[in-house]
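Here's the letter readout for the chains.
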Amino acid sequence: MNRLERSSLYQLTMVRFKLFVREPEAIFWIFIFPVLLALGLGIAFRNRPADVLQVGATTTQLTQALAADKGLTATTLNEADGARALATGRILLLAIQRPNGVAYKFDDTNADARTARLLVDRAIQTAAGQQQAVQADNELVHEKGSRYIDFVVPGLLGMNLMGSAMWGLAFAIVEARQKKLLKRMVASPMPRWQYLMSFLLSRLVMLIVDVAVFLGFARLAFGVPFRGSLPQLGLICLLTSMSFSALGLLVSTRARTTEAASGLMNLVMLPMWILSGIFFSATRFPAVVQPLVRALPLTAAIDAMRGNMLQGMNLGQLMLPMGILLAWFVVPFAVSLRIFRWR
Amino acid sequence: MIDEIRKDAVLPSLRLCGLRKAFADVQAVDGLDLEVARGECFGLLGPNGAGKTTTIEICEGLTSPDEGAVEVLGLNWRASANELRQRIGIQLQETQFPDKLTVEETLRLFRSFFKRGISVDESIETAQLEEKRKSRVGGLSGGQKQRLAMACALVGDPELLFLDEPTTGLDPQARRHVWDLVDRLKQAGRTIILTTHYMEEAERLCDRVAIMDHGKVIALGTPQQLIATVGGEDIVEFAVSSIEAGGDHGAVDTAPLTAISGVQSHRVDAGLHQLSVSELHLAVPRIFAELKAQGLHLSEFRTHSATLEDVFVRLTGRNLRDE
């Protein structure tokens, strides 16, 4: 055995690796599941060309006027047929020629119908010779970075780091306690800090693989942008993983059974799944709960990741979320070390 | 220097003095004094709940006593925990090593905790796990797992070895295998302290035995000394059936039995009568004659040499196995 192999920290860390790699389910949840989730969401929310709205008109003149707008498909219908088509949703709006002008029949609570109303009115008024009072041109934007997939990838990354760090630590520690292995370890001359450190070290190496696989996929499959510095993004991921490891450690300090630990872990993670803006912006929650939402580690992590990836912010601009993450690392870690049950 | 070595040599490996430990409402250890000499194989024998594990865990520095002094290898846990952990070997009850590590990986991990010790290969050889070296722990039999636990206790080449119920839950063959291993360690001159609730184990392995019950030592000595306290050297066990007795339910009149010369005592446990007997060859024909005279039909009859089990029964009125 060489010197490295004789080091207990090295041995403890290698054991953590081996145990992880030999657990196929864990590999699935940590590496494959987030990729599948991103793939599914990317397909479901892919950007399609703007929809063409179906409308009806009672005269051929009106239909021709409407056909001039590329956003509309117009059919000529008499008023009775038109009303039926409207009721069944085949058309969004019926333009009826009246002696004194035109009437629009539509449901004003339907956003598409309201859009149809604007387009139809503009087409008819233009056909009747109305001029634009102000010259206006459209400049269309389909930029990467503003799509839903760009928004959701940092969210999924944060969620994945939370899950893998918390499960990886809490479950393994509580299992070792339940199987009396923890007691056997502390009965040996093993330095206790090394036991906990081995979890952080192995987590660190797996983090590199984990983040690289997921972000690499997001980049290749969807062209998700990386506008900020990659090393800084790495640092954000590292701090995120360390905070959630500390939280996982806190969960594991007293629990005697893996069942109890699972329950506790879900209790800790559930509010963050809902509140921390993984799938939609956390700003949607009422202002009253915003301070709470902002203080959650996952919100801070996702904010920092989105800031880096989508807005190209540097760490100086991300001091607040980084500070929150750091606090979530230091406090739970310090508390855990004090109250950790070694047997 | 020489003085120090000599002092070291006569120093007991373990000294417990006035040890007490309570958990919630249970007094697990209730005033215990013990001394274990260097090179001795010492057994703590008693039923489950007698306080053996609590005692051994106090010695191992895993539990701190409420009262009393613990001296291990001349050191105490408060001042020299790190040194002690390097110098003792421990096998705990029901440790489950990670299923997905191999035997060799597990031992390499434990070896890395010790500054000095034997090689992983040596420990595998000692525990006779060569064929299982590359096997995962999850695939080992109960006996192999137990030998792995012993190997983990041995990697640091300990001066003092603690084995907590090393053969509990093993089948007879696996148990004998573990006994052979302990025998070899004994012969190598290692000091061993083990707990067990199997009297055969204590008799076979231990130089000296302390019988524990309710947190106290109720008897202490070599197995031979303890067995001699039973009185008779042999135990006669028999049962009678009631069918032949014509509805008499086979009630045994015990007074004539204990009156037979050589019969020391009688007790009955779940229909099985036990007589403690000296001069077996003379007493047995008389016992047969007496039972026949009472019109009883024997459904079982056997004799065995008195064991530590019988010592425990005599001292407590209960069987070791009861709990």
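Residues numbered from 1 in each chain as written. Chains lettered and ligands numbered in written order. Predicted model: local features only at pLDDT ≥ 70, side-chain atom pairs only at ≥ 80, totals over all residues.

**So, the overall build of chain B**
Turning to step 1, where the next piece is worked out: A tally of helices and strands in chain B yields twelve helices and 13 strands.
Turning to step 2, where the next piece is worked out: Along the three orthogonal principal directions, the C-alpha set of chain B runs to about 75 × 45 × 40 Å.
Turning to step 3, where the next piece is worked out: Per-residue burial for chain B yields a buried fraction of 43% across its 323 residues.
Turning to step 4, where the next piece is worked out: Considering only residue pairs separated by 6 or more positions, chain B has 70% of its internal contacts joining residues 24 or more positions apart. (Helix = DSSP H or I, 4+ residues; strand = E, 2+ residues; numbered from the N terminus. Buried ≥ 20, exposed ≤ 12 C-beta atoms within 10 Å, placed from the backbone. Contact = placed C-beta atoms within 7 Å.)

**Comments concerning the interface of chain B and chain A**
Many descriptions give the size of an interface as the accessible area lost when the pieces come together.
Turning to step 1, where the next piece is worked out: Every contact between the two is made by 21 residues of chain B and, on the other side, 19 residues of chain A.
Turning to step 2, where the next piece is worked out: For the side of chain B that touches chain A, the elements supplying multiple residues, two or more each, are α3 (77–87) and α4 (103–111) of chain B.
Turning to step 3, where the next piece is worked out: Among the elements that line the side of chain B that touches chain A, the one with the most residues is α4 of chain B, at four residues.

**Digging into the domain arrangement of chain A**
Turning to step 1, where the next piece is worked out: As far as domains go, chain A holds domain 1 (3–45 + 144–339) and domain 2 (53–127).
Turning to step 2, where the next piece is worked out: Each of domain 1 of chain A and domain 2 of chain A has a C-alpha centre, and these two points are 53 Å apart. (Domains from an automatic or database assignment.)

**Focus: the sheet that holds strand β11 (residues 263–269) of chain B**
Residue and element names in this part refer to chain B.
Turning to step 1, where the next piece is worked out: Taken in spatial order, the four strands of this open sheet run β11-β12-β10-β13, and their pairing is antiparallel. Each edge of the open sheet carries a strand with a single partner, namely β11 and β13 (297–305). Mean inter-strand twist for the sheet, computed between neighbouring axes without regard to direction, equals 20°.
Turning to step 2, where the next piece is worked out: The sheet contact formed by β11 and strand β12 (residues 272–277) spans six bridges and is antiparallel. (Pairing = 2+ DSSP bridges. Axes fitted to C-alpha atoms, helices over the stretch in contact; angles between N-to-C directions.)

**Concerning the sheet that holds strand β9 (residues 216–221) of chain B**
All names here are of chain B.
Turning to step 1, where the next piece is worked out: Here we have six strands laid out as an open sheet, ordered β5-β6-β7-β3-β8-β9, and mixed in their pairing. On the outer flanks of this sheet lie β5 (88–91) and β9, each paired with one strand and no other. In this sheet, neighbouring strand axes are inclined to one another by 15° on average, regardless of whether the strands run parallel or antiparallel.
Turning to step 2, where the next piece is worked out: Summarising the sheet, strand β8 (residues 208–213) and β9 pair through five bridges and their orientation is antiparallel.

**Brief notes about helix α6 (residues 142–154) of chain B**
Residue and element names in this part refer to chain B.
Turning to step 1, where the next piece is worked out: Here α6 contains 13 residues, and its C-alpha end-to-end distance of 19 Å stays within 8% of the 18 Å for a straight helix at 1.5 Å per residue.
Turning to step 2, where the next piece is worked out: Summarising burial for α6: eleven of the 13 residues are buried, a large majority.
Turning to step 3, where the next piece is worked out: Taken residue by residue, α6 has Q144, K145, Q146, R147, L148, A149, M150, A151, C152, A153 and L154 as its buried positions. (Expected span 1.5 Å × (residues − 1).)

**Some points on unusual backbone geometry**
Residue and element names in this part refer to chain B.
Turning to step 1, where the next piece is worked out: Positive phi outside glycine occurs at E94, with the angle close to 50°.
Turning to step 2, where the next piece is worked out: For E94, the location among the structural elements is in the loop between β5 and α4.
Turning to step 3, where the next piece is worked out: E94 sits in the partly exposed class, given 13 other C-beta atoms within 10 Å.
Turning to step 4, where the next piece is worked out: Phi angles above zero are rare outside glycine, and Q128 is one such case at about 50°.

**Some thoughts on the packing of helix α7 (residues 148–178) of chain A against helix α13 (residues 297–311) of chain A**
Residues and elements named next belong to chain A.
Turning to step 1, where the next piece is worked out: Relative orientation of the contacting elements α7 and α13 amounts to 140°, with a least axis distance of 9 Å. With respect to α13, the element α7 is oriented oblique. Crossing hand, α7 versus α13: right-handed. Listed contacts from α13 to D150, P154, G155, L157, G158, L161 and M162 of α7 are L298, A301, I302, M305, R306, M309 and L310.
Turning to step 2, where the next piece is worked out: Taken together, the residues of the contact of α7 with α13 break down into ten nonpolar, two polar and two charged. (Parallel < 35°, antiparallel > 145°, perpendicular 65-115°, else oblique. Left-handed = near helix turned anticlockwise from the far one by under 90°. Nonpolar A, V, L, I, M, F, W, Y, C, P; charged D, E, K, R; others polar.)

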